[in-house]
Amino acid sequence: MKQFSLRLDELSKMYEQPWVIIDENDSFIKIIFQEHGILLISKDGDVSYGQWELIHRAQSLLLDIGGQKKMYNHLFIDKGLMLLKLDGYSER
């Protein structure tokens, strides 16, 4: 599957598009990546700003949402789908 995936380095192609995070509580959080590490966050209609940072060597994203920082590892990205795995999280 990774052979068909874009790299996280190509994230600039995905600016200004809405993406959805489904967290461990099955809550939906809409995020929009903006330039200069700005992250627009919408949860239940409440909008706030956070930050994002690409960690190149780990092929991971560091997201700061509501002051809580989490690292997500790249699994797959194309123009309409981004699959990230919470770092250190494994299904049991």
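Everything discussed here concerns the structure shown above.
These numbers were taken from a predicted model, which means no experiment stands behind them. (Residues numbered from 1 in each chain as written. Predicted model: local features only at pLDDT ≥ 70, side-chain atom pairs only at ≥ 80, totals over all residues. Heavy atoms only, no water.)

Participant: Let's hear about the overall build of the protein: which residues, and what values?
Facilitator: Helix and strand counts for the protein come out as zero helices and seven strands. Mapped from its N terminus to its C terminus, the protein presents α and β elements in the order β-β-β-β-β-β-β. Counting the 92 residues in the protein, one finds 33% classified as buried. Put simply, of all contacts in the protein between residues at least 6 apart along the chain, 30% involve residues at least 24 apart. Surface summary for the protein: the accessible area is close to 6,500 Å², and the carbon and sulfur share equals 50%. (Helix = DSSP H or I, 4+ residues; strand = E, 2+ residues; numbered from the N terminus. Buried < 20%, exposed > 50% of the residue type's maximum accessible area, 1.4 Å probe, protein only. Contact = heavy atoms within 4.5 Å. Areas by Shrake-Rupley, 256 points an atom, 1.4 Å probe, with all protein chains shown as cover.)

Participant: With reference to specific residues and values, describe the sheet that holds strand S3 (residues 38–43).
Facilitator: Taken in spatial order, the seven strands make up an open sheet running S1-S2-S3-S4-S5-S6-S7, and their pairing is antiparallel. Edge positions in the sheet fall to strand S1 (18–22) and strand S7 (82–86), since each of these pairs with one other strand and no more. Averaged over all pairs of adjacent strands, the angle between strand axes in this sheet comes to 35°, irrespective of strand direction. Direction of pairing for strand S5 (residues 60–65) relative to strand S6 (residues 68–77): antiparallel, over a ladder of six bridges. Across the sheet, residue serine 60 finds its bridge partner in S6, namely asparagine 73. (Pairing = 2+ DSSP bridges. Axes fitted to C-alpha atoms, helices over the stretch in contact; angles between N-to-C directions.)

Participant: Can you tell me about the packing of aromatic side chains, naming the residues and giving the values?
Facilitator: Going through the model one piece at a time under the given rule, you end up with one aromatic pair. Relative to tryptophan 52, the ring of phenylalanine 33 lies with its centre 5.4 Å away and its plane at 90°, an arrangement referred to as edge-to-face. Note that phenylalanine 33 is positioned in strand S2 (residues 28–33) and tryptophan 52 in strand S4 (residues 46–55), a separation of 19 residues in sequence. Residue tryptophan 52 is classed as buried on the basis of its relative accessible area, which comes to 12%. (Phe/Tyr/Trp six-rings, centres within 6.5 Å; stacked < 30°, edge-to-face > 60°.)

Participant: Tell me about unusual backbone geometry, residues and numbers included.
Facilitator: For aspartate 44, which is not glycine, the phi torsion reads 55° and is therefore positive. Its location among the elements puts aspartate 44 in the loop between S3 and S4. Given a relative accessible area of 72%, aspartate 44 falls into the exposed group. Phi at glutamine 59 is positive, roughly 50°, even though this residue is not glycine. Positionally, glutamine 59 belongs in the loop between S4 and S5.

Participant: Explain the pairing of S5 to me, and be specific about the residues and the numbers.
Facilitator: Taken together, the five bridges between S4 and S5 define a ladder with antiparallel strand orientation. By the bridge assignment for S5, isoleucine 55 is matched with serine 60. Taking the residues that link successive antiparallel strands as the turn, the S4-S5 hairpin has four residues, and the phi of glutamine 59 there is positive, at about 50°. The hairpin turn running from S5 into S6, its antiparallel successor, is two residues long, and glycine 66 in that turn takes a positive phi close to 65°.

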